[in-house]
2 protein chains.
Amino acid sequence: MTTLVFGHKSPDTDSTGSPIAWAWYLTEVVGTPAKAVLLGEPNTEAAFMLQRWGLEKPEIISGVAEGQAVVIVDTNNPAELPADINAADIRAIIDHHKLVGGLETAEPIDITIRPLACTATIMADLMGSSLSTAPEAIKGAMLTCILSDTLEFRSPTTTDHDRALAERLAGDLGVEIPAYAAEMFAAKSDVSAFSEAELLRMDSKEYAVGGTKFRVSVLETTSPGMVLDRKAALMEAMGPVAAEDGVEQVLLFVVDILNEEATLLVPNDLVKTLAEKSFGASVSGDAVVLPGVMSRKKQIIPALKL
Amino acid sequence: MTTLVFGHKSPDTDSTGSPIAWAWYLTEVVGTPAKAVLLGEPNTEAAFMLQRWGLEKPEIISGVAEGQAVVIVDTNNPAELPADINAADIRAIIDHHKLVGGLETAEPIDITIRPLACTATIMADLMGSSLSTAPEAIKGAMLTCILSDTLEFRSPTTTDHDRALAERLAGDLGVEIPAYAAEMFAAKSDVSAFSEAELLRMDSKEYAVGGTKFRVSVLETTSPGMVLDRKAALMEAMGPVAAEDGVEQVLLFVVDILNEEATLLVPNDLVKTLAEKSFGASVSGDAVVLPGVMSRKKQIIPALKL
């Protein structure tokens, strides 16, 4: 049976590239036939990565059969995985998020979670010297994952270890990091094809603050104007999206990668209060700039208060 | 703040020795002050290990303070940990059991779970070349953990990796494995000081079979007669222990390490049916011998049916 390797729903670059890298390693190095699949349409940066390195877009699956051998990467949260995940034969988990609880296995398996910026960095450690035998496309995918998750080393989640690996891969591949990252971020910033509701759900996690459920959405971009020009329509879409998804409110943080700041849209008093209490911001109008804020994991989620 | 390193309640050799080894590594190699502690009285084999290698018995704690930095080893099951464990600052988990779910962390942390026989083997991999700088007492503790969890390589949980490490450590220490393991197992087999209720709870895990809760207890011994001579009293103690612990029935498997078989006590029809359905045994009388059965994890728990 071919082992399926996948990340979370709403695949970003790490959740698209890391399964491809791990499926290569399992198949070619370990000798366990494996295939990367996706749980949704990849975002525009992930699609750029596939095209740039000549990788086929992995098949998109909607569920897993009972007993299907799977490796889960870039998440350990059942809410971000197929509803039937605990009936699958989970063979391994490789992740860099906090432990949520909820996944269960029938036997002891390989689980590797590390507080690093990127799943691909953990995989490189697990691959050891085999990484040097990886085709350029695999190294290119892993480099793209690290530059994406670290926002080219600007995000506070970046560790020296992520950076050293990215620099080594870029050296091997003859890639200039600043020019390549600019191409990646331009691809990520091109969100013209998406509806407001799609933008609000594109890179989003649910999080409860004292019983109130939020959808905490982030859009990382080098062209914040492209998103903020649609501010009114985005705020209008928040109500229906929140209602449909069973949360109280959508929070949209537009992260300006180059200026290293986030703009939070403020559609109502609930978000105004939250912005003031969480970030000590003084809010006037329907948006507030939060200097230095780039990471949902490190800076936004831990700060949220009501 | 000193980081506390501990295993599960009812500490066996691995849950006593592995915390000691990891606290050494954190303190002396990583530079993070750490201390091994216990969640209960160590069993007789663990006590032998401490005495044999000149190690102080770790302090026994009954709970952890909110925000206390802890490393959890040899379990990921909240039921085997202090009730307040999720309020602690869990820094890492190192384990070789199936993922149970229930532990949660506030941030991404280091989690390493591997399908190996022994926690100490995983630690050796994580320590890398630092292991060679460990004092003899640390190497001796790690060797003892591996020989204990593998029943001197007889248990089907044993991997080549566990075995190779044990042989390397024994070589370094000038220890003859067969003679040393015999001493360990003699210590483990000396259960004369324990009451029947203590024996039933000494190495025990709760497990539900189709809604019926069992306490699945194992006594590994080279002197099965010493336990089986107390069969009547053990069966009499099962009712009160089950009632007190909120389970339907205690299952006691007396594992004969040298003859590689287990004897299951059969106090009633419930256990008789379970023995027949689970192990294809034909039961007459109040005990049944199960040839080759040595591992709760690999052979007993996966087989249980009603």
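Residues numbered from 1 in each chain as written. Chains lettered and ligands numbered in written order. Predicted model: local features only at pLDDT ≥ 70, side-chain atom pairs only at ≥ 80, totals over all residues. Heavy atoms only, no water.

Some thoughts on the pattern of salt bridges
The cut-off we apply is this: Salt bridge criterion: a side-chain nitrogen from Lys or Arg within 4 Å of a carboxyl oxygen from Asp or Glu. Helix and strand definitions follow DSSP, with helices as H or I runs of at least four residues and strands as E runs of at least two, each counted in order from the N terminus. Three labels apply to residues, based on accessible area from a 1.4 Å probe with only protein chains included: buried if under 20% of the type maximum, exposed if over 50%, partly exposed otherwise in between.
Evaluation of the coordinates by the stated rule reveals 36 salt bridges over all chains. The partner of Arg230 of chain B in a salt bridge is Glu196 of chain B, and the shortest N-O contact between them spans 3.1 Å. Here the residue Arg230 of chain B occupies a position in the loop between α8 (224-228) and α9 (231-245), and Glu196 of chain B occupies one in helix α7 (residues 196-202), the gap between them amounting to 34 residues. With a closest N to O distance of 3.0 Å, Lys231 of chain B and Asp286 of chain B form a salt bridge. Here the residue Lys231 of chain B occupies a position in helix α9, and Asp286 of chain B occupies one in the loop between α10 (269-279) and β11 (287-291), the gap between them amounting to 55 residues. Accessibility expressed as a relative area gives 23% for Lys231 of chain B, which makes it partly exposed. Each of Arg201, Arg215, Glu244 and Asp245 of chain A takes part in one network of salt bridges that share partners.

Notes on the domain arrangement of chain A
All names here are of chain A. Where we set the bar: Boundaries of every domain are those given by an automatic assignment or by a domain database. In what follows, a contact means two residues having at least one pair of non-hydrogen atoms within 4.5 Å. Buried area, as used here, totals the accessible surface that two parts lose on assembly, with accessibility defined by a 1.4 Å probe and the loss added over both. Each polar contact in these results corresponds to two N or O atoms within 3.5 Å; when the atoms are within protein, one needs to be able to donate a hydrogen and the other to accept it, and residues that are neighboring in sequence are counted only if both atoms are side-chain atoms. For this classification, Asp, Glu, Lys and Arg are treated as charged, while Ala, Val, Leu, Ile, Met, Phe, Trp, Tyr, Cys and Pro are nonpolar and the rest, including Gly, are polar.
One can read the domain layout of chain A as domain 1 (3-186) and domain 2 (196-303). With 14 residues of domain 1 at the interface, the matching set in domain 2 holds 15 residues. Roughly 1,200 Å² is buried in total at the junction of domain 1 and domain 2, and carbon and sulfur atoms are behind 60% of that figure. Contact with domain 2 buries surface across domain 1, with Leu151, Arg154 and Pro156 losing the most and accounting together for 42% of the total. At the boundary of domain 1 and domain 2, one finds two salt bridges. Between Glu80 and Lys205 there is a salt bridge, with the nearest N and O atoms lying 3.1 Å from each other. At the junction of domain 1 and domain 2, the tally comes to two residue pairs in polar contact (both at pLDDT 80 or more). Among the residues making up the side of domain 1 that touches domain 2, the classes are represented as five nonpolar, six polar and three charged.

What to know about unusual backbone geometry
Its identity as a non-glycine residue notwithstanding, Phe153 of chain A has a phi of 70 degrees, on the positive side. Although it is not a glycine, Glu152 of chain B sits at a positive phi angle of roughly 50 degrees. Along the chain, Glu152 of chain B falls in the loop between α4 (136-149) and α5 (160-173). A relative accessible area of 16% places Glu152 of chain B in the buried class.

Notes on empty space enclosed by the protein
Note the threshold: Only protein atoms enter the calculation, which uses a 1 Å grid: trapped sets of points that fit a 1.4 Å probe without letting it out are cavities, open sets showing protein on both sides within 12 Å along at least five of seven lines are pockets, and any residue with an atom within 4 Å of a point is a lining residue. Grid points are joined across faces, edges and corners, and a volume is the space filled by probe spheres set on the points.
Using the criterion set out here, one finds two cavities of 30 Å³ or more in the structure. What the largest cavity holds in volume is close to 120 Å³. Lining the largest cavity are 16 residues, with Leu99, Gly101 and Leu103 of chain A together with Leu99 and Gly101 of chain B sitting closest to its centre. Among the elements of the structure, β6 (110-113) of chain A together with β6 (110-113) of chain B are those that each provide at least two residues to the lining of the largest cavity. Classifying every residue of the lining of the largest cavity gives 10 nonpolar, six polar and no charged. Approximately 30 Å³ is the volume attributed to the second largest cavity. What lines the second largest cavity is simply Lys188, Ser189, Val191, Leu219, Glu220, Thr221 and Val227 of chain A. Residue assignment for the lining of the second largest cavity shows that the elements contributing at least two residues are α6 (177-189) and β8 (212-221) of chain A. Top element by residues in the lining of the second largest cavity is β8 of chain A. It accounts for three residues. Tallied by class, the residues present in the lining of the second largest cavity amount to three nonpolar, two polar and two charged.

Remarks on the side chain of Thr112 of chain B
Relative to the elements of secondary structure, Thr112 of chain B occurs in strand β6. Within the structure, Thr112 of chain B has its side chain in polar contact with the side chain of Arg114 of chain A (distance 2.8 Å). Once you skip the residues sitting within four places of it in the chain, Thr112 of chain B turns out to touch Ile111 and Arg114 of chain A together with Ile93, Ile94, Asp95, Ile122 and Leu126 of chain B.

Some thoughts on the environment of Thr27 of chain A
Residues and elements named next belong to chain A. With respect to the element layout, Thr27 can be found in helix α1 (residues 13-30). Judged by relative accessible area, Thr27 falls into the partly exposed class, the value being 30%. Remark: the alpha-carbon pair of Thr27 and Thr2, spanning 25 residues in sequence, is separated by 9.3 Å. Not counting chain neighbours up to four residues away, the residues in contact with Thr27 comprise Thr32, Pro33 and Ala34. Here Ala34 takes part through its backbone nitrogen, which lies 3.0 Å from a polar atom of the side chain of Thr27.

Quick notes on the sheet that holds strand β2 (residues 34-38) of chain B
Applicable threshold: Here a strand pair is declared whenever DSSP counts at least two bridges between the two strands. To get an axis, fit a line to the C-alpha atoms, keeping to the stretch in contact for a helix; angles then go from 0 to 180 degrees between the N-to-C directions.
The strand order across the open sheet built from 12 strands is β3(A)-β2(A)-β1(A)-β4(A)-β5(A)-β6(A)-β6(B)-β5(B)-β4(B)-β1(B)-β2(B)-β3(B), with neighbouring strands paired in mixed fashion. The outermost strands of the open sheet, each flanked by one partner alone, are β3 (59-60) of chain A together with β3 (59-60) of chain B. Note that strand β1 (residues 3-6) of chain A and strand β4 (residues 69-73) of chain A share three bridges and pair parallel. Residue pairing across strands places Phe6 of chain A opposite Ile72 of chain A, the latter belonging to β4 of chain A. Packed on one face of the sheet, α1 of chain A meets β1, β2 (34-38), β4 and β5 (89-95) of chain A and runs near 170 degrees to β2 of chain A. On the sheet, helix α3 (residues 119-127) of chain B packs against β4 (69-73), β5 (89-95) and β6 of chain B and is oriented at approximately 110 degrees with respect to β5 of chain B.

Let's talk about the sheet that holds β8 of chain A
Residue and element names in this part refer to chain A. As summarised here, the arrangement of the five strands in space is β7-β8-β9-β10-β11, forming an open sheet in which the pairing is mixed. Across the chains shown, the open sheet's two edge strands, defined by having one partner strand only, are β7 (204-209) and β11 (287-291). Each strand of the sheet is rotated relative to its neighbour by a mean of 25 degrees, with strand direction disregarded. The sheet strands contacting helix α9 (residues 231-245) are β7, β8, β9 (249-256), β10 (261-265) and β11, and the helix crosses β9 at an angle near 135 degrees.

Some details on the pairing of β11 of chain A
Residues and elements named next belong to chain A. Burial along β11 is one-sided: the residues Val288 and Leu290 are buried and none of Ala287, Val289 and Pro291 is. Across five bridges, the pairing between β10 and β11 is antiparallel. When the sheet's bridge partners are listed, Ala262 is paired in β11 with Leu290.

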